[in-house]
Amino acid sequence: METLGPEQQRAIEEPKLLRQIEYAWRASAFYRRKWRAAGIDPRQIHCAEALVTLPFTEKDELQETQEANPPFGANQCVPLDQAIRMQATGGTTGRPLRMTLTRHDVAIYNELGARGGWAAGMRPGDLLFECMNYSLYAGGVSDHLSFEHLGACVAPVGIGQSKRLIEILRDVRMETCLWSTPSYALHLAQVARDQGIDPVSLNIRKGFFSGDAGLAIPTYRRRIEEPLGLVASDIYGLGELGGFAAECGYRDGLHFLGQGLLLAELVDPAGGQPIALGHGAVGELVYTTIDRESCPLIRFRSHDHVRVSTAPCPCGRTGFRFRVLGRSDDMFIVKGINVYPLAIQDLVLGFAPVLTGEVQIILPEPPPITYDPPVRVEAGAGIAPAEFPALRDQVTRRIRDILMFTPDVEVVSFGGLPKTERKARRLYRRYRGETP
């Protein structure tokens, strides 16, 4: 499936797409109401190109229908006796967005996740320590079962178990693998050091990471690989859809791996107009399930801003590749300049080792942002407070020169921006009640 030519791929995907749209119209009160309100009868759609005539699906819409029609909302298309799993993803209101999966949906989720793990280098015979949150989060149980589907031997560690994990890793005395957020790998290395243990001696040789976009920054990747002595591989996905993109061994962007199961579009984040998936194109990725029973998603906005590559990859996969530039809904505008938190983190990492690379961006007031947004950075180990003013000025100049806006930089002492076992967060909109 991952090496199909475009005509072969279309022959498989277009009939599935048309069936999925017809199914959503018939089985989903959410989509039936949504499409009727837009004046669209999707039964008149007869080709893949017509998909763009349907409106986007936003996560907040699904949140609203869930609150109006608990527990799962009007997009629940099967009775509960056909569902075998409930999981939740982060909702826009701060409450989880719940969804169910049928046995068929789980099989597809597993297939997508297994493709991602395999592309990244996971294999049967690997002992994989799973350090994602198992509490409803898709990265826990759902990804665990995806990797079992691949054939890996998965150990369900979860979060909050770092010291115990270190004991186990030292006891098993073999090369192992880690599945976690990138920020957790940094946390694990620090916990080992605090115990007087060289992180390399933990013998983790493959690291599979998701949840944070940090691996797109070479400096951040090295901060994970070098202390632990592992090869870091990036796997990308959405909790609603699975882990459907990953780096291959050539590490030249994320391969889209959804062939036959998931369609991807590129659109302008501002206006929503389609953008051709051509080499060098930049836009937001939008996804459509084409073989889902319980909660189909039609033109579901990811709000991930990416740059596409269609250059051939030596691995032989024929789908497009992409690099995440940042989340379009995390982007903020300072006096007319578009700013992504990932770009700020990239610049701050360039100050290592005098700075750790940890960043917090605080937006105290709502747009328009006519003020200098506060940016907190963390001093490296052994950096004295007397050096903070000079560091602050250097970081301010660097961001102003490269990103074209002036931040209000604050340097905090080493450990002042603690690493987390959970998904790392860089941006806080205090005017919405978000606090570090």
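Our structure's up above, just so we're on the same page.
## Examining the sheet that holds strand β11 (residues 274-275)
On the basis of which strands lie adjacent, the open sheet formed by 12 strands has the order β4-β3-β5-β6-β7-β8-β9-β14-β13-β12-β10-β11 and mixed pairing. The open sheet terminates on both sides in strands that have one partner only, identified here as β4 (153-156) and β11. Contacting β5 (176-180) and β6 (204-209), helix α7 (residues 182-194) runs over the sheet at an angle of about 125° to β5.

## Notes on the environment of Val348
Mapped onto the elements, Val348 comes out in helix α9 (residues 341-349). Separated by 10 residues in sequence, Val348 and Glu358 have C-alpha atoms that sit 7.9 Å apart.

## Quick notes on the side chain of Glu247
In this fold, Glu247 is placed in the loop between β8 (242-246) and β9 (254-256). Under the relative-accessibility criterion, Glu247 is labelled buried at 4%. Within the structure, Glu247 has its side chain in polar contact with the side chain of Arg221 (distance 2.5 Å). Of note is the side chain of Glu247, whose polar atom sits 2.8 Å from the backbone nitrogen of Asp234. Residues within four places of Glu247 in sequence aside, it is in contact with Ala119, Ala120, Arg221, Ala232, Ser233, Asp234, Gly253 and Leu254.

## Comments concerning helix α10 (residues 388-403)
Spanning 16 residues, α10 covers 22 Å between terminal C-alpha atoms, matching the ideal 22 Å at 1.5 Å per step. Looking at α10, one finds that the buried residues are Phe388, Leu391, Val395, Thr396, Ile399 and Leu403. The buried side chains of α10 occupy one side of the element, clustering within an arc of 135° when seen end-on. Those residues of α10 hidden inside the fold are in contact with β16 (337-339), α9, β17 (355-363), β18 (374-379) and β19 (408-412). Within two residues after α10, Met404 carries a phi angle of roughly 70°, on the positive side.

## Here's the deal with the layout of surface pockets
Unoccupied space between atoms shows up once a probe the size of one water molecule is rolled over them. A volume near 810 Å³ is recorded for the second largest pocket. Along its surface, the second largest pocket is lined by 27 residues, and Gln9, Glu13, Leu263, Ala264 and Leu277 are the ones closest to its centre. No other element matches the 7 residues that helix α1 (residues 6-27) contributes to the lining of the second largest pocket. Here the lining of the second largest pocket is composed, by residue class, of 15 nonpolar, 6 polar and 6 charged.

## Comments concerning the packing of aromatic side chains
Tallied over the entire structure, the rule returns 11 aromatic pairs. Taking the centre distance of 5.6 Å and the plane angle of 85° together, the rings of Tyr236 and Phe244 count as edge-to-face. Residue Tyr236 shares its accessibility class with Phe244, and that shared class is buried. Measuring from centroid to centroid gives 6.1 Å for Phe244 and Phe256, while their planes differ by 70°, and the two rings are edge-to-face. Taken as a pair, Phe244 in strand β8 and Phe256 in strand β9 lie far apart in primary sequence, 12 residues in all. For the pair shown, Phe244 and Phe256 are each scored as buried. Taken together through their ring pairs, the aromatic side chains of Tyr236, Phe244, Phe256, Tyr287, Phe320 and Phe322 make up a single cluster.

Reading the values: the criteria
- Residues numbered from 1 in each chain as written.
- Predicted model: local features only at pLDDT ≥ 70, side-chain atom pairs only at ≥ 80, totals over all residues.
- Heavy atoms only, no water.
- Pairing = 2+ DSSP bridges.
- Helix = DSSP H or I, 4+ residues; strand = E, 2+ residues; numbered from the N terminus.
- Contact = heavy atoms within 4.5 Å.
- Axes fitted to C-alpha atoms, helices over the stretch in contact; angles between N-to-C directions.
- Buried < 20%, exposed > 50% of the residue type's maximum accessible area, 1.4 Å probe, protein only.
- Polar contact = N/O pair within 3.5 Å; in protein donor to acceptor, adjacent residues only side chain to side chain.
- Expected span 1.5 Å × (residues − 1).
- Arc of directions from axis to C-beta.
- 1 Å grid on protein atoms, 1.4 Å probe; cavity = no way out; pocket = protein on both sides within 12 Å on 5 of 7 lines; lining within 4 Å.
- Points joined across faces, edges and corners; volume = space filled by probe spheres on them.
- Nonpolar A, V, L, I, M, F, W, Y, C, P; charged D, E, K, R; others polar.
- Phe/Tyr/Trp six-rings, centres within 6.5 Å; stacked < 30°, edge-to-face > 60°.

Read these as spatial facts, not as claims about activity.
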